[in-house]
Amino acid sequence: MKEKYAIGIDVGGTNTKFGVVNKKGEILVQDRIKTNEHDNVEEFIDDLAEKLNPMIEQYGGPEAFVGIGMGAPNANYYQGTIEYAANLKWKGIIPMAELLEQKFHIPAKLTNDANAAAVGEMQYGAAKGMKNFITITLGTGVGSGIIIDGKIVLGHNGFAGELGHVIVRNGGREHKGTGLKGSLEAYASATGVRDTAIELLQETQHSPSLLENYPINELTSETVFKCAEQGDSLANEVFEFTGQILGEALATFVHFSAPEAIVLFGGLTKAGDLIMKPTRQAMEDNLLQVFKNKVKILYSDLQEADAAILGASALVW
């Protein structure tokens, strides 16, 4: 029997990455296009086809492919649609799976980017062989994918699993994108780390800090990490605070789904023990006895550059 392939497409606010993937999780060829250079989705798909069609032909044409998997913001798995995505130019409800199938003559499936990451971990990554785990992506925002009994939790409308928008500090910091006050994403994202650093620097009494050498508009989670690595006490306090909030939230997530593991992925994980130690401690401190020391916190072992394509492609197997 001839080898079959999958196509993985990751739609980000800036770039769309795509590639051909085999069953072992090897990306055989990949490329990217700009996402928001096109005012309408049809032009976007034409641009995608210009680069993807030669890849499809190279690996045996449409009949050699099991399917196309796409991870995208606000993607509805049940309907195959992207719905009211705030960071995309195409407004309203886009019938993306249908448009892909018409263009490429290959079955297409869609889910949100964090769900795609979770499926990728189960198929190829740190959660291979697991049936119950949660993936948390810690980047510009906080995404999540929940796997229970080997299936993604989608809910009745396809949008379940928005753990980044769970309220962790009642009446707390306002999230600029959603207007929610005190959500996990407002604290445990790269943006949240930066905002915490600014808040601590603006307090009238704080210890001298290397962070004061940077103009406010140049502060990033990366600068906070660099200063913390050099032993800066205020930068370390930022990660202690962030880890405390993240760990408390993870304890809540453990209580509702009893996962075997929580897999962390994304830029913030590069802070290593600076964020992991307080996160583990806060999680264990807030767990019922029956869950204590039973849930692993793992780092994703998928290459960050490839994970989005792999995760999307895993949808079709």
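Worth saying up front: this structure is predicted, and the values here are computed from it rather than measured.

In a pair of packed helices, the angle between the axes and the distance between the axes together describe the arrangement. As a packed pair, helix H3 (residues 113–124) and helix H9 (residues 304–314) sit with axes 7 Å apart at the nearest point and diverge in direction by 80°. As summarised for this structure, H3 and H9 are arranged roughly perpendicular, according to the angle between their axes. For the pair H3 and H9, the contacting residues are Ala116, Val119, Gly120, Gln123 and Tyr124 in the first and Leu310, Gly311, Ala312, Ser313 and Ala314 in the second.

On the basis of which strands lie adjacent, the open sheet formed by three strands has the order S5-S6-S7 and antiparallel pairing. With one partner strand each, in any of the chains shown, strand S5 (75–76) and strand S7 (93–94) form the two edges of the open sheet. When strand S6 (residues 81–83) meets S7, the two strands line up antiparallel, connected through two bridges. Along S7, the bridge assignment pairs isoleucine 82 with isoleucine 94.

Take the nonpolar core next. Ile136, Leu184, Leu211, Ile262 and Met283 are the most contacted members of the largest nonpolar core, which totals 44 residues. For this core, the secondary structure elements donating two or more residues are strand S9 (133–138), strand S10 (142–148), helix H4 (185–188), helix H5 (190–202), helix H6 (221–229), helix H7 (233–257), strand S12 (261–265) and helix H8 (273–285). It is H7 that contributes the most residues to this core, eleven residues altogether. Filtering out sequence-adjacent residues up to four positions away, isoleucine 262 remains in contact with Ile134, Ile136, Leu250, Val254, Met283, Val295, Lys296, Ile297 and Leu298. Formed by 35 residues, the second largest nonpolar core is a distinct cluster that contains Tyr5, Phe44, Met70 and Ala72.

All right, on to the sheet that holds strand S1 (residues 5–11) then. If you trace the five strands from one edge of the open sheet to the other, you get S3-S2-S1-S4-S8, paired in mixed fashion. Among the strands making up the open sheet, the edge pair consists of strand S3 (27–34) and strand S8 (108–111). Adjacent strand axes in the sheet meet at a mean angle of 15° when their direction is disregarded. Sheet topology note: the strand S2 (residues 15–21)/S3 ladder contains seven bridges and is antiparallel. Across the sheet, the residue bridging to asparagine 15 is lysine 34, located in S3. Sitting on the sheet, helix H1 (residues 41–58) touches S1, S2, S3 and strand S4 (65–71), and the angle it makes with S3 is about 160°.

Before going further, it helps to examine the environment of glycine 155. Here glycine 155 shows up in the loop between strand S11 (151–152) and H4. Relative accessible area serves as the criterion here: at 33%, glycine 155 is assigned to the partly exposed category. Ignoring anything within four residues of it in the chain, the contact list for glycine 155 reads Tyr78 and Ala160.

On to the packing of aromatic side chains, then. Applying the stated criterion across every chain, the model contains six aromatic pairs. Pairing phenylalanine 44 with tryptophan 90 gives two aromatic rings, centres 4.7 Å apart and planes at 50°, and the pair type is tilted. Of this pair, phenylalanine 44 sits in helix H1 while tryptophan 90 sits in the loop between S6 and S7, placing them 46 residues apart in sequence. Tryptophan 90 carries the same exposure label as phenylalanine 44, and that label is buried. Judged by centre distance (6.0 Å) and plane angle (70°), the ring pair of tyrosine 187 and phenylalanine 241 falls under edge-to-face. Of the two residues, tyrosine 187 sits in helix H4 while phenylalanine 241 sits in helix H7, which places them 54 residues apart along the sequence.

Let us look at the pattern of salt bridges. A side chain with one charge can pair with a side chain of the opposite charge if their charged atoms come near. Across all of its chains, the model carries nine salt bridges by this definition. Measuring nitrogen to oxygen at the nearest pair gives 4.0 Å for the salt bridge that ties lysine 226 to glutamate 222. With lysine 226 and glutamate 222 both in helix H6 and four residues apart, the pair spans about one turn of that helix. Of the charged contacts, one joins lysine 296 and glutamate 260 as a salt bridge, the two residues approaching to 3.4 Å between their closest N and O atoms. Of this pair, lysine 296 sits in strand S13 (residues 296–299) while glutamate 260 sits in the loop between H7 and S12, and the two are 36 residues apart along the sequence. Among the charged side chains, a network of salt bridges with common partners joins Lys176, Arg194 and Asp195.

Here we take up the environment of glutamine 244. Relative to the helices and strands, glutamine 244 is located in helix H7. With relative accessibility at 35%, the residue glutamine 244 sits in the partly exposed group. Spatially, the C-alpha atom of glutamine 244 lies 7.8 Å from that of glutamine 281, the residues being 37 residues apart in sequence. If we skip the residues at most four places from it in the chain, glutamine 244 touches Arg169, Pro278 and Ala282.

In this model, the largest pocket occupies a volume close to 1,300 Å³. Lining the largest pocket are 41 residues, and of these Pro73, Asn87, Asp113, Thr137 and Gly141 sit closest to its centre. Mapped onto the lining of the largest pocket, the elements with two or more residues apiece are S1, S2, H3, S9, S10 and H9. With five residues, H9 is the single largest residue contributor to the lining of the largest pocket. Among the residues forming the lining of the largest pocket, the class breakdown is 14 nonpolar, 20 polar and seven charged.

Calculation notes
Residues numbered from 1 in each chain as written. Predicted model: local features only at pLDDT ≥ 70, side-chain atom pairs only at ≥ 80, totals over all residues. Heavy atoms only, no water. Axes fitted to C-alpha atoms, helices over the stretch in contact; angles between N-to-C directions. Helix = DSSP H or I, 4+ residues; strand = E, 2+ residues; numbered from the N terminus. Parallel < 35°, antiparallel > 145°, perpendicular 65-115°, else oblique. Contact = heavy atoms within 4.5 Å. Pairing = 2+ DSSP bridges. Core = buried A, V, L, I, M, F, W, Y, C linked by side-chain atoms within 4.5 Å. Buried < 20%, exposed > 50% of the residue type's maximum accessible area, 1.4 Å probe, protein only. Phe/Tyr/Trp six-rings, centres within 6.5 Å; stacked < 30°, edge-to-face > 60°. Salt bridge = Lys/Arg side-chain N within 4 Å of Asp/Glu carboxyl O. 1 Å grid on protein atoms, 1.4 Å probe; cavity = no way out; pocket = protein on both sides within 12 Å on 5 of 7 lines; lining within 4 Å. Points joined across faces, edges and corners; volume = space filled by probe spheres on them. Nonpolar A, V, L, I, M, F, W, Y, C, P; charged D, E, K, R; others polar.

From the geometry alone we can't say anything about function, so treat these as descriptive.
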